[in-house]
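An overview of the molecular structure
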Amino acid sequence: DTAVSQTPKYLVTQMGNDKSIKCEQNLGHDTMYWYKQDSKKFLKIMFSYNNKELIINETVPNRFSPKSPDKAHLNLHINSLELGDSAVYFCASSLGRRPNFNQPQHFGDGTRLSIL
Amino acid sequence: SQQGEEDPQALSIQEGENATMNCSYKTSINNLQWYRQNSGRGLVHLILIRSNEREKHSGRLRVTLDTSKKSSSLLITASRAADTASYFCATDARRDDKIIFGKGTRLHILP
């Protein structure tokens, strides 16, 4: 009965590879997010989708491409992985028609990406 | 420095004591939220406080917001070992709704 679930939990891969992280929420929320948390625990928003529509696209390399097949899923595809992409990636969701911070965000447990 | 910076960076207190963490931000905000993150887990929402509110309570948690000083504090009373975690504040800026998280305070409750 996990509310926001991400797979895989761990991802170890070589530089230059392409990988995807999947996220699903069963809370009925309209808005989903991707965050990146670096080794110093600094959390930065990357993308936000509302009902399959991209709303926020922070300064993120275009090697990162989110895909939302439906409002319960927001996947993150990363091309040509680089060493600096090593981090923990968190998916989150919230109520609301557009990304707004007047509702709590519900986070998954993260995907730990390590680039060799 | 980033919008939403917590202070102190790390805090160790004895079980049963109160823990206070502070957060400062730079631009006018709509809302401020506090989150807890246990090691290896995702963030868990604690309290949301709107810019027109000054104080909110939830169980052993008390959050204050001073918009004139652009700061917030999180007080955890009667701390327990299970409160050991990192605590983050996050804001959304009024001018562009941008969401920014602080760098967190690592709280360690000593037995």
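Residues numbered from 1 in each chain as written. Chains lettered and ligands numbered in written order. Predicted model: local features only at pLDDT ≥ 70, side-chain atom pairs only at ≥ 80, totals over all residues. Heavy atoms only, no water.

Before going further, it helps to examine the overall build of chain A. When helices and strands are counted, chain A shows zero helices and eleven strands. Element order for chain A, N to C, with α for helix and β for strand: β-β-β-β-β-β-β-β-β-β-β. Its C-alpha atoms give chain A a radius of gyration of 13 Å, near enough to 13 Å, the size a compact globule of 116 residues would have. When its C-alpha atoms are laid out on the principal axes, chain A stretches across 40 × 30 × 30 Å. Taking contacts inside chain A between residues at least 6 apart in sequence as the whole, the part at least 24 apart equals 57%. With the model as given, the accessible surface of chain A reaches about 5700 Å², and the carbon-plus-sulfur share is 49%. (Helix = DSSP H or I, 4+ residues; strand = E, 2+ residues; numbered from the N terminus. Rg over C-alpha atoms; globule rule 2.2 N^0.38 Å. Contact = heavy atoms within 4.5 Å. Areas by Shrake-Rupley, 256 points an atom, 1.4 Å probe, with all protein chains shown as cover.)

All names here are of chain A. Tallied over the entire structure, the rule returns six salt bridges over all chains. Lysine 71 is the salt-bridge partner of aspartate 30, the closest N and O atoms lying 2.8 Å from each other. Placement of the pair is aspartate 30 in the loop between β3 (19–25) and β4 (31–37) and lysine 71 in the loop between β7 (64–70) and β8 (73–78), with a sequence separation of 41 residues. On the basis of relative accessibility, which here comes to 34%, the residue lysine 71 falls in the partly exposed class. (Salt bridge = Lys/Arg side-chain N within 4 Å of Asp/Glu carboxyl O. Buried < 20%, exposed > 50% of the residue type's maximum accessible area, 1.4 Å probe, protein only.)

Turning next to the state of the cysteines. Taken as a whole and assessed by the stated rule, the structure comprises two disulfides over all chains. Each disulfide pairs two cysteine sulfurs, and for cysteine 23 of chain A the partner residue is cysteine 91 of chain A, the sulfurs being separated by 1.9 Å. A torsion of -75° about the S-S bond marks the disulfide between cysteine 23 of chain A and cysteine 91 of chain A as left-handed. One end of the pair, cysteine 23 of chain A, is in strand β3; the other, cysteine 91 of chain A, is in strand β9 (residues 87–94), with 68 residues separating them in the sequence. Each sulfur in the disulfide pair cysteine 23 of chain B and cysteine 89 of chain B lies 2.0 Å from the other. Handedness here is read from the sign of the S-S torsion; for cysteine 23 of chain B and cysteine 89 of chain B, about 65°, the answer is right-handed. Placement of cysteine 23 of chain B in strand β3 (residues 19–24) and of cysteine 89 of chain B in strand β9 (residues 85–93) is noted, with a sequence separation of 66 residues between them. (Disulfide = S-S within 2.5 Å.)

With that out of the way, let us pick up the sheet that holds strand β8 (residues 71–76) of chain B. Picture the strands of a sheet paired through backbone hydrogen bonds; they go either parallel or antiparallel. Residues and elements named next belong to chain B. Judged by pairing direction, the sheet is antiparallel, and its five strands sit side by side in the order β1-β3-β8-β7-β6 without closing on themselves. In this open sheet, the two strands that pair with only one neighbour each are β1 (5–7) and β6 (55–58). In this sheet, adjacent strand axes meet at a mean angle of 20° when their direction is disregarded. As paired strands, β6 and strand β7 (residues 61–66) are joined by four bridges and run antiparallel to one another. Within β7, the residue paired with serine 58 across the bridge is leucine 61. (Pairing = 2+ DSSP bridges. Axes fitted to C-alpha atoms, helices over the stretch in contact; angles between N-to-C directions.)

The next point concerns the interface of chain A and chain B. Between chain A and chain B, the contact holds 20 residues from the first and 22 residues from the second. Of the roughly 1800 Å² buried between chain A and chain B, counting both surfaces, carbon and sulfur atoms make up 57%. Counting the surface chain A buries against chain B, the share from its top three residues, Phe42, Leu43 and Phe101 of chain A, is 35%. At the junction of chain A and chain B, the tally comes to one salt bridge. Arginine 41 of chain B serves as the salt-bridge partner of aspartate 109 of chain A, at 3.1 Å between the closest nitrogen and oxygen. Across the contact surface, chain A and chain B share nine residue pairs in polar contact (both at pLDDT 80 or more). Listing elements by their share of the side of chain A that touches chain B, those giving two or more residues are β4 and β5 (43–50) of chain A. Considering every element that reaches the side of chain A that touches chain B, the biggest residue donor is β4 of chain A, with three residues. Of the residues in the side of chain A that touches chain B, the class split is nine nonpolar, five polar and six charged. (Buried area = accessible area lost by both parts, 1.4 Å probe. Polar contact = N/O pair within 3.5 Å; in protein donor to acceptor, adjacent residues only side chain to side chain. Nonpolar A, V, L, I, M, F, W, Y, C, P; charged D, E, K, R; others polar.)

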